[in-house]
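Observations on the model geometry
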Amino acid sequence: MRDLSEKLRCLVCQNQTLADSPAELAQDLRRQLREQVAAGRSDEQILGYMVQRYGDFVLYEPPFKPTTLLLWVGPFILLAAAAFILVSTLRRRRRQPEEPALSPDDKRLVERVLGPSPPPERDGRAR
Amino acid sequence: MVARMTRFLLPIAVFILLIGFLAAGLKLDPREVPSPLVGKPAPAFDLPVLLQPDKRFAPRDMRGKVWLLNVWASWCVSCREEHPVLVELSKKGVLPILGLNYKDKGDDARRWLAQFGNPYQLSAVDADGRIGIDYGVYGVPETYVIDGNGVIRYKQIGPITPAMLEEKILPLAMALKK
């Protein structure tokens, strides 16, 4: 019974489950649940009874249907899109050329201030 | 220069798209739960009549007519808002209005009608709210437009305003009568 009432939404206090809501309609609906459970109806039958009268919104967890596909899958799509943009941006940055080498005047200025620069590494990268 | 500007176009386009969604979403009211009963037969019931204790009412009594079922209660403050609109409508005699007195006490209900006017052909008494549950009632007032075949064609959530009557309810009722 607790399970069932936690699967349904209180339509008055719409962010609460039927289990938690103090609203009078919630009390009435919990009484309905109790009676139907006592009459031996299955969970699917009871939830179906509620949806028939109040629509999908009465289910606390939206059902997975064609109309709610975007709701369920949307966040994952956005996450994938963000990851894709991140990866392609990083890749683009790495492919950019190195900083151009210093002009001879600038090189002389640097050597005056810092002392002579060591010879470049074998692979051509300046240290 | 143009190449530089196109870098900004994508975020701006996404931003405009999100603004569009936000604008559309802000117009929606989560309190309005659309009824799955529109287009389905009005659930049957058999209830006592408020002002005529030896009589009973069932929706099939209204077969062949287009009518309004208005869910009301003496404890409902919003009902007072729409009540004058219903009283006016009842005087015109174009559309029968039947009440469903929801989770109310007989004395309170009778007193309320005496005080504020009675637009109802009759009011059926749903003392424990079970019929309300069958009709998907989750707040009061709510009003249903029911056609000659007993099918619910429209559900109004909240008080009926004159604008609502003029724009939605009366045109629908006239169309259904043909």
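Residues numbered from 1 in each chain as written. Chains lettered and ligands numbered in written order. Predicted model: local features only at pLDDT ≥ 70, side-chain atom pairs only at ≥ 80, totals over all residues.

Quick word on the overall build of chain A
Looking only at helices and strands, chain A features 5 helices and 0 strands. Each helix (α) and strand (β) of chain A, taken in turn from the N terminus, gives the series α-α-α-α-α. Taken over the C-alpha trace, chain A has a radius of gyration of 33 Å; the compact-globule value for 127 residues is 14 Å, which it surpasses by more than 25%. When its C-alpha atoms are laid out on the principal axes, chain A stretches across 95 × 30 × 20 Å. Within chain A, the fraction of its 127 residues that count as buried is 13%. (Helix = DSSP H or I, 4+ residues; strand = E, 2+ residues; numbered from the N terminus. Rg over C-alpha atoms; globule rule 2.2 N^0.38 Å. Buried ≥ 20, exposed ≤ 12 C-beta atoms within 10 Å, placed from the backbone.)

Some points on the overall build of chain B
Across its full length, chain B holds 5 helices and 7 strands. Along chain B, helices and strands appear, N-terminal first, in the series α-β-β-β-α-β-α-β-α-β-β-α. Scaling as 2.2 N^0.38, a compact globule of 178 residues should have a C-alpha radius of gyration of about 16 Å, whereas chain B reaches 22 Å, well beyond that. If you line up chain B on its principal axes, its C-alpha atoms span 85 × 35 × 30 Å. Counting only residues that meet the buried cut, chain B has 34% of its 178 residues in that class.

Let's talk about helix α2 (residues 24-38) of chain A
The end-to-end C-alpha distance of α2(A), which contains 15 residues, comes to 21 Å, matching closely the 21 Å that a straight helix rising 1.5 Å per residue would cover. The set of residues buried in α2(A) consists of A:L25, A:A26, A:L29 and A:L33. One side of α2(A) holds all its buried residues, which, seen down the axis, span an arc of 95 degrees. Exposed residues pointing more than 90 degrees away from the buried face of α2(A) are listed as A:E24, A:E35 and A:A38. For α2(A), the elements touching its buried residues are α1 (2-7) and α3 (43-54) of chain A together with α4 (130-134) of chain B. Taken from the residues just after α2(A), A:G40 is the one with a positive phi, measuring 85 degrees. (Expected span 1.5 Å × (residues − 1). Arc of directions from axis to C-beta. Contact = placed C-beta atoms within 7 Å.)

Digging into the domain arrangement of chain A
Here chain A is described as being made up of domain 1 (2-63) and domain 2 (67-114). A C-alpha centroid distance of 51 Å is found between domain 1 of chain A and domain 2 of chain A. (Domains from an automatic or database assignment.)

Here we look at the sheet that holds strand β4 (residues 97-102) of chain B
Residue and element names in this part refer to chain B. Across the sheet, which stays open at both edges, the 5 strands sit in the order β5-β4-β3-β6-β7 with mixed pairing between neighbours. The two strands at the open ends of the sheet, each matched to only one other strand, are β5 (123-126) and β7 (152-157). Strand-to-strand, the axes of this sheet are offset by a mean angle of 20 degrees, without reference to chain direction. Relative to β5, β4 is paired through 4 bridges, and the arrangement is parallel. Each residue of the ladder has a partner; that of L100, found in β5, is A124. (Pairing = 2+ DSSP bridges. Axes fitted to C-alpha atoms, helices over the stretch in contact; angles between N-to-C directions.)

Describing the interface of chain A and chain B
Listed by partner, the interface residues are 12 residues for chain A and 11 residues for chain B. When contributions to the side of chain A that touches chain B are tallied by element, the ones reaching two or more residues are α2 and α3 of chain A. If one sorts the elements of the side of chain A that touches chain B by residue count, α2(A) sits on top with 4 residues.

Here we look at unusual backbone geometry
Note the cis peptide between B:V140 and B:P141, where omega equals 0 degrees. If you trace the backbone, B:P141 turns up in the loop between α4 and β6 (142-146).

Quick notes on the environment of B:P41
Residue and element names in this part refer to chain B. By the secondary structure assignment, P41 is in the loop between α1 (2-27) and β1 (47-48). As a C-alpha pair, P41 and V87 span 46 residues in sequence and 27 Å in three-dimensional space. Aside from chain neighbours lying at most four places away, what touches P41 is G150 and V151.

Section: the nonpolar core
Counting 46 residues, the largest nonpolar core has A:L11, B:L69, B:W72, B:Y102, B:V140, B:Y144 and B:I146 as its most contacted members. Here this core gets 5 residues from one element, more than from any other, and that element is strand β3 (residues 67-72) of chain B. Look past the residues within four positions of B:W72 in its chain and what remains in contact with it is B:C79, B:G99, B:N101, B:Y102, B:V140 and B:P141. (Core = buried A, V, L, I, M, F, W, Y, C linked by C-beta atoms within 7 Å.)

Looking at the confidence of the model for chain B
Confidence in the prediction of chain B, expressed as mean pLDDT, is 92, and 98% of residues score 70 or more. Here the predicted complex scores 0.77 on pTM and 0.78 on ipTM. (pLDDT = per-residue confidence, 0-100.)

Remarks on the environment of B:Y120
All names here are of chain B. Mapped onto the elements, Y120 comes out in the loop between α3 (106-116) and β5. On the neighbour-count criterion, Y120 (24 C-beta atoms within 10 Å) is buried. With 15 residues separating them in the primary sequence, Y120 and K105 have C-alpha atoms 17 Å apart. Contact partners of Y120, with chain neighbours within four places excluded, come to I97, L98 and G99.

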